[in-house]
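Analysis of the macromolecular model
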Amino acid sequence: MKLDSLIPAPLRKPAKPGEGNGAKGAAPADLKTAPPERPTDTKKLADRAVEAPVDALAWVDQRTAASGFLTGMLFRKVPKGTNWFYTLGSATLFAFIVQAITGVFLAMFYTPSTTQAYASISHINNEVFLGAFVHGLHKWGSSVMVILIFLHMGRTFFFGAYKYPRELNWVIGVVLLILTMTMAFTGYLLPFDQRSFWASVVGININGTGPVVGPYLSDFLRAGPELGATTLSRFYAIHMLLVPGAIIALIGAHLYLVVKLGTTAPPWLKAKKPKAAAPVSQLNASANGSDK
Ligand code: HEM
């Protein structure tokens, strides 16, 4: 093997005129049969433009090795019998992403103050471009996410997916469920109209009836003797920063475990017995090594 071929072309010693060592820019031996590369060649430039995103991805991948995780996730083996019920987790994830994106746009126009909150919501609904649409998506999307998370939990429960070795993923799921309910509860107060005000009073009082931590929890949520400006600020901070951050981190851990452990086969497949079991005498013989 020629040593030159091991060195990347741009780093090779430039060739003498007429010699050509394969490096870019080397003078060709015969200008008629091998004309020099023209930088204005539009086809080549177009080809390069098409390859540019691939090159950029390869550049990132060389530095992060992220494609290993992505291909592992996208091309992972799933058990026989996997069906539409297995899409409920991804559907919940999609609902969360929609909530996150619409929430960012709502936050650009919403004011968390007792005197301006309702007016800012009216402004979003009536004057902001696509405001009613984005607000509607966020409002109905919250119910969709709650419904989907319960359906997903039901699927994992009825398919026995909470059993060994997936108990930790079930526990993470339970925390995700509590956090999703917290999102729905804290978001409900934000428009600060009569309905949201009194619903939050009832919700905080219900929390207060919980054993041991209940009264502390309701005091923490109310953030003062009465529901008011401090409550609204606290609910907004919980709704915007605290809980979404925790949800994102936990979804990351949840999906990591899904990829690592794989998903559970449907129970009706697991219950099937092998068509022909080997006789016990043969199994004993192979266990003792006397069948060789
Ligand atoms: C934000 C909420 C959640 C998201 C985005 C989410 C996402 C997912 C996804 C994408 C999967 C892959 C398989 C599938 O879709 O069924 C999965 C699996 C799983 N999830 Fe969730 N999940 C959430 C909440 C929950 C909850 C509330 C529970 C239960 C309390 C739970 C327990 C599980 C378990 C045990 C598995 C493994 C399933 C199996 O092995 O077949 N998840 N989750």
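See the structure above.
Structural notes, computed from the coordinates. (Residues numbered from 1 in each chain as written. Predicted model: local features only at pLDDT ≥ 70, side-chain atom pairs only at ≥ 80, totals over all residues. Heavy atoms only, no water.)

1. Focus on the coordination of the iron atom of the ligand
Tetrahedral metal sites with four donors have an ideal angle of 109.5 degrees; octahedral sites with six donors have ideal angles of 90 or 180 degrees. Of the protein atoms, only His152 (NE2) and His254 (NE2) coordinate the iron atom of the ligand, at distances of 2.0 to 2.1 Å. Because the angles between the 6 donor atoms bound to the iron atom of the ligand fall within 86 to 179°, the donor set is best described as octahedral. Here His152, found in helix 5 (residues 131-158), pairs with His254, found in helix 9 (residues 229-261); they are 102 residues apart in sequence, far enough to count as distant. In terms of burial, His152 and His254 fall into one category: buried. (Donors = N, O, S within 2.8 Å, 3.2 Å for Na, K, Ca; no water. Tetrahedral: all angles 85-135°; square planar, octahedral: opposite > 155°, others 65-115°. Helix = DSSP H or I, 4+ residues; strand = E, 2+ residues; numbered from the N terminus. Buried < 20%, exposed > 50% of the residue type's maximum accessible area, 1.4 Å probe, protein only.)

2. Concerning the site of the ligand
The environment of the ligand is made up of 25 residues, and the closest members are Tyr86, His152, Arg155, His254 and Thr264. A distance of 3.0 Å separates an oxygen atom of the ligand from a polar side-chain atom of Arg166. Contributing elements (two or more residues each) for the shell around the ligand: helix 3 (88-107), helix 5, helix 6 (167-189) and helix 9. Element by element, the count of residues in the shell around the ligand is highest for helix 5, at 6 residues. Of the residues assigned to the shell around the ligand, the class counts are 13 nonpolar, 10 polar and 2 charged. (Near = heavy atom within 4 Å. Polar contact = N/O pair within 3.5 Å; in protein donor to acceptor, adjacent residues only side chain to side chain. Nonpolar A, V, L, I, M, F, W, Y, C, P; charged D, E, K, R; others polar.)

3. Remarks on helix 1 (residues 42-64)
Given a rise of 1.5 Å per residue, 23 residues ought to cover 33 Å, and the 33 Å separating the end C-alpha atoms of helix 1 matches this to within 8%. At Glu51, helix 1 shows its maximal kink, close to 40°; a proline, Pro53, follows between one and four residues later. A positive backbone phi angle near 55° is found at Ala65, which sits one or two residues after helix 1. (Expected span 1.5 Å × (residues − 1). Bend = angle between axes of the 7 residues up to and from the residue.)

4. Structural notes on the side chain of Thr264
Note that Thr264 resides in the loop between helix 9 and helix 10 (267-270). For Thr264, a relative accessible area of 7% gives the class buried. At 3.3 Å, the side chain of Thr264 forms a polar contact with the side chain of Arg166. Among residues more than four places away in sequence, those in contact with Thr264 are Pro79, Tyr86, Phe159, Gly160, Ala161, Arg166 and Lys270. (Contact = heavy atoms within 4.5 Å.)

5. Observations regarding a nonpolar patch on the surface
A cluster of nonpolar side chains, namely Ile97, Ile101, Val104, Phe105, Met108 and Phe109, defines an oily patch on the protein surface of about 570 Å² accessible area. Tracing the backbone shows Ile97 in helix 3. (Patch = residues over 30% accessible without salt bridge, like charges linked within 9 Å, V, L, I, M, F, W, Y side chains within 5 Å. Areas by Shrake-Rupley, 256 points an atom, 1.4 Å probe, with all protein chains shown as cover. Salt bridge = Lys/Arg side-chain N within 4 Å of Asp/Glu carboxyl O.)

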